[in-house]
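Summary of the model geometry
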Amino acid sequence: MWFLILLLILIIAALCAFASWFIKYRKSGKCPLCALEKMGTPTKITIDVEKEQDYSSGAALTPPMGWSSWNTFKQNISEELILSTAAAMRLSGLMDAGYKYINIDDCWHSSFRDENGRLQGDLGKFPSGIPSLIEKINHMGMKVGLYSSNGTLTCEDLPASLGNEAVDAKTIAEWGCEFFKYDFCHNKKISGDAPVIEGIELNRPGQAVEYTLNPNDAKFTGRACVVNIGRLPSGKAIGLLNHNAGTATFKPVINISGEYVLTLLIYKSLNLHHEQYLQVVVNGEIYEVFAPKTKGFNPTGRLQLIVKLNTGENEIVLRNPVRTLADSSYVQYSRMARELKKASKAVSEKTGNPEKPIVFSICEWGTSLPWHWGAKAGNLWRTTHDIMPFWKSIYFIYLRNIGLYKYAKPGAWNDPDMLEVGNGKLTVDENKTHFSLWCMMAAPLVLGNDIRQFVNEDGTAIANHPVLNIVTNKELIAIDQDTLGKAAKRIKKFQGIDIIARPLANGDTALCFFNTSSKSKGLSFNINDLSADEYLDFGATQSSYSVHELWSDEKFSANIISASMPGHGVKVYRISK
């Protein structure tokens, strides 16, 4: 009995606290319902991405191919290791097979920035500096990728790029970096809360205020509106901008174009213990404002920006598009994409050389379903957490990634993480399967093993090295690099065998039988059954097809394929009419 009474008291107290918060939040000019809606689906993006500007680089029209230092060497990297690996890439024939990027992962940099606030290479392990290293690798005919994190620190607790996007993008672009992996460690989520705005003032630097924009001058979308705030001198403000609730738009007419100071007059609500966020979009250019937490001794405060205005009518939009974690991730990765694009263009204009677009690898582990928004910011996006060099990890990632086929397209790829071919205790068949599945799924092919093992002391490639033979299978690489860019779809499951297929640019079809079990299995498959799946665009059926098995190099004509696979093994066919 006493337990029930206590429980009832606690419920009533919780309801009273919630009601108090709800009323107080609404009176402060915020939308409480919008703040609550984020709790339902935190990984769902609520920003209308289709209407957002495209900041992707236009690079990586086929999945990137290269090597990364992380899987094998982790923090144990150096200038000598990277250069010897680049040399092995060339001498082993990997470069000729299409592997172009030498990607230096975490731990390439010093624990402190230089006197100009720029990232710098580890001062002991990279004594010649990163620009010199990049120049040497470029001279070998390859490109270099670097790493940072969308957080306050990298995953190994070194300086990262959140809040330093502009300077870091400029730094790596000037160094000649052409691939940028952007991790998610130590991320700081953007607040969905937005400041309440009493008005906007505009003036040229060094001049008095020339234009004042009041709440009643704005046009609103969504729930955003003019609210009454008794503590403000004017008594009115723009509210309900929080958590993607709506927007307020002004269209001031300016007499003289140029740079202007834009001052936001904000309501400093009492005892605000968290940062607030607002985007000020001026003629399509996004400016970001972070309002600090405050004790609110005075009801008003000012936040200032330097913006560019044109002669005549301008558009100024106030918004906070962040409701969920996915929204925050999209805004932050888009911010870096925007800076990378600006930086590579600026380097080209400064040097007079052709622009080197930077392939942008979004590594946010699939937490916020980046396949729904990644194509507007980057060229590839991780769909899972880190891969490991054992079969269960590879199989789990395959299961997650294969269902995302419809999101892949030229310049925008699902990334199931780097290859573990040649690592751990994977069998030869498991290595072949791993490589085959990644090629079928149009995944980036980024090697994670020690490729120096492919080269003899005299600089020649080791003949018939089993791992080298797998990762240089030109027919499988051609499937991965197919210019149509449509990833494989699982079209059928048959007694422990996954049947996956993808259409190819020349009208051929790639077909893979994947034995998911640990025991040998076989099947017979009628090629004409491929015509039933609209995604494959297989066209009219025939009585016979040209069939090429890409591991055995067996070629034959048939309309029925009979195949047997060992445990965790595959058969991969290219089918031509």
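Our structure's up above, just so we're on the same page.
A brief structural summary. Since the structure is predicted, the reported quantities are computational estimates derived from the model, not experimental observations. (Residues numbered from 1 in each chain as written. Predicted model: local features only at pLDDT ≥ 70, side-chain atom pairs only at ≥ 80, totals over all residues. Heavy atoms only, no water.)

A closer look at the nonpolar core
Of all hydrophobic cores here, the largest spans 102 residues; its most connected members are Tyr99, Trp108, Phe435 and Trp438. With eight residues, helix H8 (residues 325-351) is the single largest residue contributor to this core. Setting aside residues up to four positions removed in sequence, Tyr99 forms contacts with Met65, Gly66, Met89, Leu94, Phe435, Leu445, Leu447, Val471 and Ile477. In terms of nonpolar packing, the next biggest core, distinct from the first, is built from 30 residues, Phe513, Phe538, Ala563 and Tyr573 among them. (Core = buried A, V, L, I, M, F, W, Y, C linked by side-chain atoms within 4.5 Å. Buried < 20%, exposed > 50% of the residue type's maximum accessible area, 1.4 Å probe, protein only. Helix = DSSP H or I, 4+ residues; strand = E, 2+ residues; numbered from the N terminus. Contact = heavy atoms within 4.5 Å.)

Considerations on the sheet that holds strand E17 (residues 316-319)
A sheet is described by the order of its strands in space; here five strands give the open sequence E7-E10-E17-E13-E14, paired in antiparallel fashion. Here the strands that pair on one side only, and so sit at the sheet edges, are strand E7 (219-222) and strand E14 (285-291). For this sheet, the mean inter-axis angle between neighbouring strands, taken without regard to orientation, is 20 degrees. Where strand E10 (residues 246-250) and E17 come together, three bridges link them in antiparallel fashion. Note that in E17 the partner of Phe250 across the bridge is Ile316. Packing of H8 onto the sheet brings it into contact with strand E13 (276-282) and E14, and relative to E14 it is tilted by some 130 degrees. (Pairing = 2+ DSSP bridges. Axes fitted to C-alpha atoms, helices over the stretch in contact; angles between N-to-C directions.)

A short note on the side chain of Gln279
Tracing the chain through its elements places Gln279 in strand E13. Among the residues examined, Gln279 registers a relative accessible area of 3% and is labelled buried. A distance of 3.0 Å separates polar atoms of two side chains, one belonging to Gln279 and the other to Tyr277. Not counting residues within four places of it along the chain, the set of residues in contact with Gln279 comprises Ile286, Tyr287, Glu288, Val317, Leu318, Arg319, Pro321 and Val331. (Polar contact = N/O pair within 3.5 Å; in protein donor to acceptor, adjacent residues only side chain to side chain.)

Some remarks on the layout of surface pockets
Here the largest pocket is characterised by a volume of approximately 510 Å³. Lys51, Glu52, Asn244, Thr247 and Arg319 are the residues nearest the centre of the largest pocket, which is lined by 24 residues in total. When contributions to the lining of the largest pocket are tallied by element, the ones reaching two or more residues are E7, E10 and E17. Ranked by residues supplied to the lining of the largest pocket, first place goes to E10 with three residues. (1 Å grid on protein atoms, 1.4 Å probe; cavity = no way out; pocket = protein on both sides within 12 Å on 5 of 7 lines; lining within 4 Å. Points joined across faces, edges and corners; volume = space filled by probe spheres on them.)

Quick look at the pattern of salt bridges
In the structure shown here, the tally under the stated rule is 22 salt bridges. Between Arg335 and Glu165 there is a salt bridge whose closest N-O contact spans 3.0 Å. Taken together, the residues span a long stretch of sequence, with Arg335 in helix H8 and Glu165 in helix H7 (residues 165-175) at a distance of 170 residues. Given a relative accessible area of 7%, Arg335 falls into the buried group. The partner of Arg452 in a salt bridge is Asp450, with the nearest N and O atoms 3.0 Å apart. Here Arg452 falls in the partly exposed class, since its relative accessible area comes to 34%. Given a relative accessible area of 14%, Asp450 falls into the buried group. (Salt bridge = Lys/Arg side-chain N within 4 Å of Asp/Glu carboxyl O.)

Here we look at the sheet that holds strand E20 (residues 413-415)
Spatially, the eight strands line up as an open sheet ordered E20-E19-E18-E4-E3-E2-E1-E21, and their pairing is parallel. A strand with exactly one partner marks an edge of an open sheet, and here the two such strands are E20 and strand E21 (445-447). Within the sheet, the average angular offset between the axes of one strand and its neighbour, ignoring direction, is 25 degrees.

Comments concerning the packing of aromatic side chains
This model, assessed by the stated rule, comprises 22 aromatic pairs. Ring geometry for Tyr330 and Trp373: centres 5.9 Å apart, planes at 75 degrees, overall edge-to-face. Taken as a pair, Tyr330 in helix H8 and Trp373 in the loop between strand E18 (359-362) and strand E19 (380-382) lie far apart in primary sequence, 43 residues in all. Like Trp373, Tyr330 is buried. Among the aromatic side chains, those forming a connected cluster through ring pairs are Phe180, Tyr182, Phe184, Tyr330, Tyr333, Phe360, Trp365 and Trp373. Over the face of the ring belonging to Tyr55 we find Arg338, whose NZ or CZ atom lies 5.4 Å from the ring centre. Sitting over the face of the ring of Phe538, Lys577 holds its NZ or CZ atom 4.3 Å from the ring centroid. (Phe/Tyr/Trp six-rings, centres within 6.5 Å; stacked < 30°, edge-to-face > 60°. Lys NZ or Arg CZ within 6 Å of the ring centre and 35° of its normal.)

Some details on empty space enclosed by the protein
Think of a ball as big as a water molecule: rolled over the atoms, this probe shows where empty space is left. By the definition in use, this model includes two cavities of 30 Å³ or more. For the largest cavity, the calculated volume is near 170 Å³. Of all the secondary structure elements, the ones that give two or more residues to the lining of the largest cavity are strand E3 (143-149), strand E4 (179-183) and E19. When grouped by side-chain class, the residues that make up the lining of the largest cavity number nine nonpolar, four polar and five charged. Approximately 100 Å³ is the volume attributed to the second largest cavity. Among the secondary structure elements, those contributing two or more residues to the lining of the second largest cavity are E14 and H8. Per-element tally for the lining of the second largest cavity: the top contributor is H8, with five residues. When the residues that make up the lining of the second largest cavity are grouped by side-chain class, the tally is six nonpolar, two polar and five charged. (Nonpolar A, V, L, I, M, F, W, Y, C, P; charged D, E, K, R; others polar.)

Structural notes on the packing of helix H9 (residues 391-402) against helix H10 (residues 428-440)
For the pair H9 and H10, interaxial distance at closest approach is 11 Å and the crossing angle is 20 degrees. The pairing of H9 with H10 is recorded here as roughly parallel in orientation. By crossing handedness, the relation of H9 to H10 is classed as left-handed. Across the interface between the two elements, Trp391, Ile394, Ile397 and Tyr398 from H9 touch Glu430, Thr433, His434, Leu437 and Trp438 from H10. (Parallel < 35°, antiparallel > 145°, perpendicular 65-115°, else oblique. Left-handed = near helix turned anticlockwise from the far one by under 90°.)

Considerations on the state of the cysteines
On inspection of all chains with the given rule, the structure shows one disulfide. In this structure Cys439 is not part of a disulfide, and its nearest cysteine sulfur, from Cys512, lies 10 Å away. Note on Cys439: relative accessible area 0%, which makes it buried. (Disulfide = S-S within 2.5 Å.)

Considering helix H6 (residues 130-139)
Residues spaced three or four apart along an α-helix point in a common direction, a consequence of the helix completing one turn every 3.6 residues. Buried within H6 we find Ile130, Leu133, Ile134 and Ile137. Along the axis of H6, the buried positions cluster into a sector of 100 degrees, meaning they face one direction only. Away from the buried face of H6 by more than 90 degrees, exposed residues Glu135 and His139 are located. Against the buried residues of H6 lie helix H4 (79-91), strand E2 (101-103), E3 and H7. Two residues or fewer past H6, Gly141 is found with a positive phi of approximately 100 degrees. (Arc of directions from axis to C-beta.)

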